[in-house]
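# Reading the structure
The chain contents come next:
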Amino acid sequence: MQLKLSASKLPFAPLLLIAPFFLWGTAMVAMKGVIPHTTPLFMAGLRLLPAGVLILIVAALMGRPQPTGWKAWLWIGLFGVVDGTLFQGFLAEGLLRTSAGLGSVMIDSQPLAVALLSLWLFQERIGLWGCLGLSLGVMGISLIGLPDEWIFSIFGTASEVTIGNWQNLFASGEWLMLLAALSMAVGTVLIRYVTKYTDPVTATGWHMILGGLPLWSVSSVVESQQWQSLVTSDWLALGYATVFGSAIAYALFFYFASSGSLTSLSSLTFLTPVFALLFGHLLLSEVLSTLQWVGVFLTLVSIYLINQRDNLAGQNKHLAVGETANKQQTQLAEASTKQLNPVTVSVRKSESETLS
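Residues numbered from 1 in each chain as written. Predicted model: local features only at pLDDT ≥ 70, side-chain atom pairs only at ≥ 80, totals over all residues. Heavy atoms only, no water.

## Here we look at the overall build of the protein chain
Across its full length, the protein chain holds 17 helices and zero strands. A total of 356 residues make up the protein chain; the buried ones form 47% of that total. Within the protein chain, counting contacts between residues at least 6 apart in sequence, those at least 24 apart form 88% of the total. Within the structure as shown, the protein chain displays about 18,400 Å² of accessible surface, and the carbon and sulfur contribution to it stands at 68%. (Helix = DSSP H or I, 4+ residues; strand = E, 2+ residues; numbered from the N terminus. Buried < 20%, exposed > 50% of the residue type's maximum accessible area, 1.4 Å probe, protein only. Contact = heavy atoms within 4.5 Å. Areas by Shrake-Rupley, 256 points an atom, 1.4 Å probe, with all protein chains shown as cover.)

## Examining the packing of helix H3 (residues 70-95) against helix H10 (residues 200-222)
Put simply, H3 and H10 touch, their axes get as near as 7 Å, and they point 55 degrees apart. Our classification of the angle between H3 and H10 gives oblique. In the crossing of H3 with H10, the sense of the turn from one axis to the other is right-handed. Here H3 contributes Trp73, Ile76, Gly77, Phe79, Gly80, Asp83, Gly84, Thr85, Gln88 and Gly89 to the contact with H10, which in turn contributes Ala203, Trp206, His207, Leu210, Gly211, Pro214 and Leu215. Residues that form the contact of H3 with H10 fall into these classes: eight nonpolar, eight polar and one charged. (Axes fitted to C-alpha atoms, helices over the stretch in contact; angles between N-to-C directions. Parallel < 35°, antiparallel > 145°, perpendicular 65-115°, else oblique. Left-handed = near helix turned anticlockwise from the far one by under 90°. Nonpolar A, V, L, I, M, F, W, Y, C, P; charged D, E, K, R; others polar.)

## Digging into H10
Note on helix geometry: an α-helix contains 3.6 residues per turn, so any two residues three or four positions apart are oriented the same way. Helix length check: H10, at 23 residues, gives a terminal C-alpha distance of 33 Å against a target of 33 Å (1.5 Å per residue), a fit within 8%. Where H10 begins, one side-chain oxygen reaches toward the backbone nitrogen of Val201, 3.0 Å away; that side chain belongs to Asp199. (Expected span 1.5 Å × (residues − 1). Polar contact = N/O pair within 3.5 Å; in protein donor to acceptor, adjacent residues only side chain to side chain.)

## Overview of the packing of H10 against helix H11 (residues 232-257)
With their axes 9 Å apart at the nearest point, H10 and H11 run at an angle of 135 degrees to one another. Classified by the angle between their axes, H10 and H11 sit oblique to one another. H11 is crossed by H10, and the crossing has right-handed handedness. On the side of H10, the interface is formed by Pro200, Val201, Thr204, His207 and Met208, while H11 contributes Ser246, Ala247, Tyr250, Ala251, Phe254 and Tyr255. Taken together, the residues that form the contact of H10 with H11 break down as eight nonpolar, three polar and no charged.

Below you can see the structure in the form of structure tokens.
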């Protein structure tokens, strides 16, 4: 894979790379029944604050260094506002105003923004295969999340779909979901700057605390009955989403994002709706349509293309390297010939007389 990270030194590195997206997908399934019983900002804060405290406890036990200096706290604060407060706030509010499928499509389109930002800021090469993979990924999650009749209407095979459906597409919460996707993309890029001044694991914990506090503050003012309707199963679902879907998932994701290819890592976000869809089918008996299965296949192909883009383009690269090496060898040989200067041997007069 293009994810040449320090994870290669960890056991079960491939599983750890996929774990955040598996946990995010399954956490969405766990949260599905909780949303009607609570308020969005309270739920968003609950996913951040306890998870951040848990990460800091584990980081302390591991001996991870704490942030020091105003630059470290400045970057962590910015990281917390963008990836904590804005992302979780937009996501929670958007879920109340849009369908889960369409929301998933818009949230998981953020690898496109990450790829463009990484190209601009870090000169990460996308290439032809990477662009093709990103395009297939967007197509795949669109087939997974959008209603089948919308897809058929694009090709003119579903005349019963009215124009009004498309006119109302962005009339509710879709823009909030798009802002959530952009916030997560910017947060993914920010971790590179954060880790210049502090440890990525402790920074993740502090950013979740600093990002969650404003959410609970606003919730206490504008929301009511945040937890009164929650039952035992809801608290268990919230616990899973907090511990596994936030603490463990975010710690792993931003640990990996602190080095290696952001484009390749972010492309794995396409797996989130796949896991959500599959476990919704297994646990909630949700039925997958043919288009959704096609979307799953395209999503997996897109991730392969993005993460293997350099290997797929390797043949031309090797040829170019070979030609460059031959050219350099020729130039070196010519330079060596030119540097062979004639050697002059001086003979003293006494020696020449002796010889004569």
